[in-house]
Amino acid sequence: MIRDVVVIGGGPAGLAAAIEAKKNGAEDVLIIERDKRLGGILQQCIHNGFGLHIFKEQLTGPEYANRFIDEVKNYKIDYMLDTMVIKIDKDRNIIALTPNDGIINIKSKAIVLTMGCRERTRGALNIPGNRPSGIFTAGAAQRFINMEGYMVGKKVVVLGSGDIGLIMARRMTLEGAEVKMVLELMPYSTGLKRNIAQCLHDFDIPLYFNHTVVRIHGRKRLEGVTIAEVDSERKPIKETERFVECDTLLLSVGLIPENELTREANIPIDNITSGPIVDESMQTMVEGIFACGNVVHVHDLVDYVTFESRIAGRSAAKFVKGQLSFNDKSFKTKGTYGIRYVVPHRIDPLNVDDSVNFFMRVDNVYKNVYLTVKNNGQIITKVRKAIVTPGEMESVVVKRSILEKLNKGDIEFTLEEIKND
Ligand SMILES: Cc1cc2nc3c(=O)[nH]c(=O)nc-3n(C[C@H](O)[C@H](O)[C@H](O)COP(=O)(O)OP(=O)(O)OC[C@H]3O[C@@H](n4cnc5c(N)ncnc54)[C@H](O)[C@@H]3O)c2cc1C
């Protein structure tokens, strides 16, 4: 089977990329999804807050996904469900496992990787203690409650103040559980400010910064956790240890882009984002293989996933039609003071339509700063920010007309303190 564009993953990134590829002239587009339905993680996110940028409306996750699923159907884009891609190579050969046909081989002119993220589990944290039931990632609990119809516990401690943990603190409360506290190792939250207000403050759920779980108690079912404050090196302070009775521990301790396929295909990965290195067209360092959404870097708003995925889909169609150049003379992007990473990693101004939206995350909380973009020491643009935090992705738009004028050096992103005048 030979296809124009194969999209691996049927979440919001995959859906938007497939639609855009089709709209831009790719004839034969296929989405491969390992789950029983399209929609990705959005299927289980039944709270609202999706789509404010794209649709100017407050939608739930399934509503947001369904707008795209309807379009996939209208455009008669093929999709395979219950089908897991197990291998790709740099020549765009795909091997997938299907329930009816067993192992299948597909050759694609272009591939878009949209496999999303998975959550870090207890194993990644090494919390000492037994292995009783009652310890879930926040996302697993979300799936049980919102999709399978099971309540996972009655007395809950949430570890980690990422968005999924905050949303689940509220969800568990609404379902009748007592959420005793949310603990955060860092001195700041990694979740959106709006989620801290709407999910914790509105329900009087306490949030303790600089705190962690140091021991799990219980043999069959979780009976409690020992918590402790941490010092400036994030080591627990013994004297602050205390026992908290609970039957459920929800972990919201980070997402990891799901890039096993990418690594095996020898596609270069950024060590900080754990996603593939991409250019302005969302093309990876392997020609004809594109990537977008959470598999590239963790997004806090699905709307940004859609923006980025439309670029990937459009570029994949252009590649199939021989209209996308691929060269080594691109400018590299680089985060310096305060900026952990920047996506895209490389820019070829000739492939930019009108402008590039650079996405980045900062490494700490900073107040009253300029987010400055420079090349060869010259300022290209700067944006004033009252506050930036690691939990909220920042973005800066730079016009093609400016990028075209650059002739050497990296495009640097940095934070600069605003001196009081
Ligand atoms: C548990 C969880 C809860 C979240 N909750 C929220 C929230 O409440 N609000 C919010 O704004 N954001 C939330 N997010 C962030 C959310 O992931 C993004 O906004 C968005 O869903 C990312 O879209 P995506 O398409 O990149 O990834 P996903 O939605 O994760 O979709 C990836 C898809 O790829 C499929 N896939 C992966 N590997 C393969 C393979 N080898 N073969 C075939 N298919 C494959 C997966 O089954 C999945 O359907 C959550 C993320 C997680 C992990």
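Quantities reported herein were computed from a predicted structural model and do not represent experimental measurements.

Q: So what's going on with the site of the ligand? Residues and values would help.
A: What surrounds the ligand is a group of 33 residues, the closest being Ala13, Glu33, Ile41, His47 and Asn294. Note that an oxygen atom of the ligand is positioned 3.3 Å from one of the backbone N or O atoms of Pro12. Relative to its unbound accessible surface of 970 Å², the ligand loses 94% to contact with the protein. Only helix H1 (12–23), strand E6 (84–88), helix H4 (138–148), helix H5 (163–174) and helix H8 (302–320) provide two or more residues apiece to the shell around the ligand. Its residues assigned to classes, the shell around the ligand shows 17 nonpolar, twelve polar and four charged.

Q: Break down the sheet that holds strand E14 (residues 211–217) for me, with residues and values.
A: The sheet built from three strands is open, its strands ordered E14-E15-E16 with antiparallel pairing. Strand pairing shows two members of the sheet lacking a second neighbour, E14 and strand E16 (242–245), which therefore form its edges. Adjacent strand axes in the sheet meet at a mean angle of 35 degrees, parallel and antiparallel pairs treated alike. Relative to E16, strand E15 (residues 224–229) runs antiparallel, the two being bridged by four bridges. Counted as the bridge partner of Thr226 is Phe243 from E16.

Q: Describe the environment of Glu412, listing the residues and the values that go with them.
A: Within the secondary structure, Glu412 is located in strand E27 (residues 411–417). Its relative accessible area of 29% is what places Glu412 among the partly exposed residues. Residues Glu412 and Ile387, 25 residues apart in the sequence, show an inter-C-alpha distance of 20 Å. Glu412 has contacts with Lys334, Thr336, Thr372, Val373 and Lys374, leaving out every residue within four places of it along the chain.

Q: Let's hear about a nonpolar patch on the surface: which residues, and what values?
A: Taken together, the side chains of Met84, Ile86, Leu97 and Ile103 make up a nonpolar region of the molecular surface, amounting to roughly 340 Å² of accessible area. With respect to the secondary-structure elements, Ile103 resides in strand E8 (residues 102–113).

Q: So what's going on with the pairing of E6? Residues and values would help.
A: Pairing geometry for E6 and strand E7 (residues 93–98), over four bridges, is antiparallel. When the sheet's bridge partners are listed, Lys87 is paired in E7 with Ile95. In this antiparallel pair of consecutive strands, E6 and E7, the connection spans four residues, and Arg92 shows a positive phi of 70 degrees.

Q: Outline the pairing of strand E21 (residues 339–343), listing residues and values.
A: In terms of residue burial, E21 counts as a mostly covered element, since four of its five residues are buried. As defined by bridge partners, E21 adjoins strand E23 (residues 355–362) across four bridges and the pair is classed as antiparallel. From the neighbouring strand, Ile339 faces E23, where its bridge partner is Val362.

Q: Outline unusual backbone geometry, listing residues and values.
A: With the exception of glycine, most residues fall at negative phi, and the peptide bonds are largely trans. A cis amide bond links Val343 with the next residue in sequence, Pro344, at an omega value of 0 degrees. Considering the arrangement of structural elements, one finds Pro344 in the loop between E21 and strand E22 (346–347). Backbone geometry at Asp82 places phi at a positive 60 degrees, although glycine is not the residue there. Inspection of the secondary structure assignment puts Asp82 in the loop between strand E5 (78–80) and E6. Look at Asn210: it is not a glycine, yet its phi comes out positive at around 55 degrees. Considering the arrangement of structural elements, one finds Asn210 in the loop between strand E13 (207–208) and E14.

Q: I'd like a rundown of H8, residues and numbers included.
A: Here H8 is 19 residues long and its end C-alpha atoms lie 27 Å apart, about the 27 Å a rise of 1.5 Å per residue gives. Gly322, located one to two residues past H8, shows a positive phi value of around 70 degrees.

Q: Describe the environment of Glu33, with residues and values.
A: Checked against the element boundaries, Glu33 lands in the loop between strand E2 (29–32) and strand E3 (48–50). Here Glu33 is in contact with Gly9, Gly10, Gly11, Leu38, Met80, Leu81, Asp82 and Thr83, once residues within four sequence places are set aside. A polar contact is formed between the side chain of Glu33 and the backbone nitrogen of Gly10, at a distance of 2.6 Å.

Q: Describe in detail H4, supporting the description with residues and values.
A: Looking only at H4, the buried set comprises Ala138, Gly139, Ala141, Gln142, Ile145 and Asn146. For H4, the buried positions fall inside an angular range of 155 degrees around the axis, keeping them on one side. Looking at the buried positions of H4, the neighbouring elements they touch are strand E9 (117–119), strand E10 (135–137), H5 and strand E17 (248–251). Looking one or two places after H4, you find Gly149, whose phi comes out positive at around 80 degrees.

Q: Quick one: what's the story with the nonpolar core, residue by residue and with numbers?
A: Grouped together as the largest cluster of nonpolar side chains are 66 residues, with contacts concentrated most on Val5, Ile8, Ile88, Val112 and Leu113. Core analysis: the second largest hydrophobic core is formed by 22 residues, Val342, Ile347, Phe358 and Leu403 among them.

Q: Explain the sheet that holds E23 residue by residue, including any values.
A: In space, the three strands of this open sheet follow the order E21-E23-E26, with antiparallel pairing throughout. Sheet topology places E21 and strand E26 (394–399) at the edges, where each strand pairs with a single neighbour. The average undirected angle you get between the axes of adjacent strands in this sheet is 25 degrees.

What counts and what doesn't
Counting restarts for each chain: residues are numbered from 1 in the order of the written sequence. The predicted origin of the model limits local features to residues at a pLDDT of at least 70 and limits the giving and counting of side-chain atom pairs to 80 or more, whereas totals for whole chains, interfaces and linings rest on all residues. Only hydrogens and water are set aside when side-chain values are computed; all heavy atoms of the structure are taken into account. By convention in these notes, a residue is near a molecule or strand provided one of its non-hydrogen atoms lies within 4 Å of it. For this analysis, a polar contact is any N or O atom pair within 3.5 Å, provided that within protein one partner can donate a hydrogen and the other can accept it, and provided that sequence-adjacent residues contribute only side-chain to side-chain pairs. Here the open area of atoms and residues is found with the Shrake-Rupley method and a 1.4 Å probe, where only the protein chains shown may cover a residue. Helix and strand definitions here come from DSSP, where helices need a minimum of 4 consecutive H or I residues and strands a minimum of 2 consecutive E residues; each element is numbered from the N-terminal end. Any residue that is not Ala, Val, Leu, Ile, Met, Phe, Trp, Tyr, Cys, Pro, Asp, Glu, Lys or Arg is counted as polar, Gly included; the first ten are nonpolar and the last four charged. When DSSP finds two or more bridges between a pair of strands, those strands are recorded as paired. Each axis is a line fitted through C-alpha atoms, taken for helices only over the stretch in contact, and angles between the N-to-C directions span 0 to 180 degrees. Burial classes: relative accessible area under 20% of the type maximum marks a residue as buried, over 50% as exposed, and values in between as partly exposed (1.4 Å probe, protein chains only). Note on definitions: a residue-residue contact is assigned when non-hydrogen atoms from the two residues lie within 4.5 Å. Exposure above 30% relative accessible area and no salt bridge define the residues that can form patches, which grow by joining like charges within 9 Å and nonpolar side chains of Val, Leu, Ile, Met, Phe, Trp and Tyr within 5 Å. Each reported salt bridge corresponds to a side-chain nitrogen of Lys or Arg within 4 Å of a carboxyl oxygen of Asp or Glu. The span you would expect from a helix comes to 1.5 Å times its residue count less one. This arc is built from the directions going out from the helix axis to the C-beta atoms. Grouping buried Ala, Val, Leu, Ile, Met, Phe, Trp, Tyr and Cys residues that are joined through side-chain atoms within 4.5 Å yields what is termed a nonpolar core.

Read these as geometric descriptors, not functional statements.
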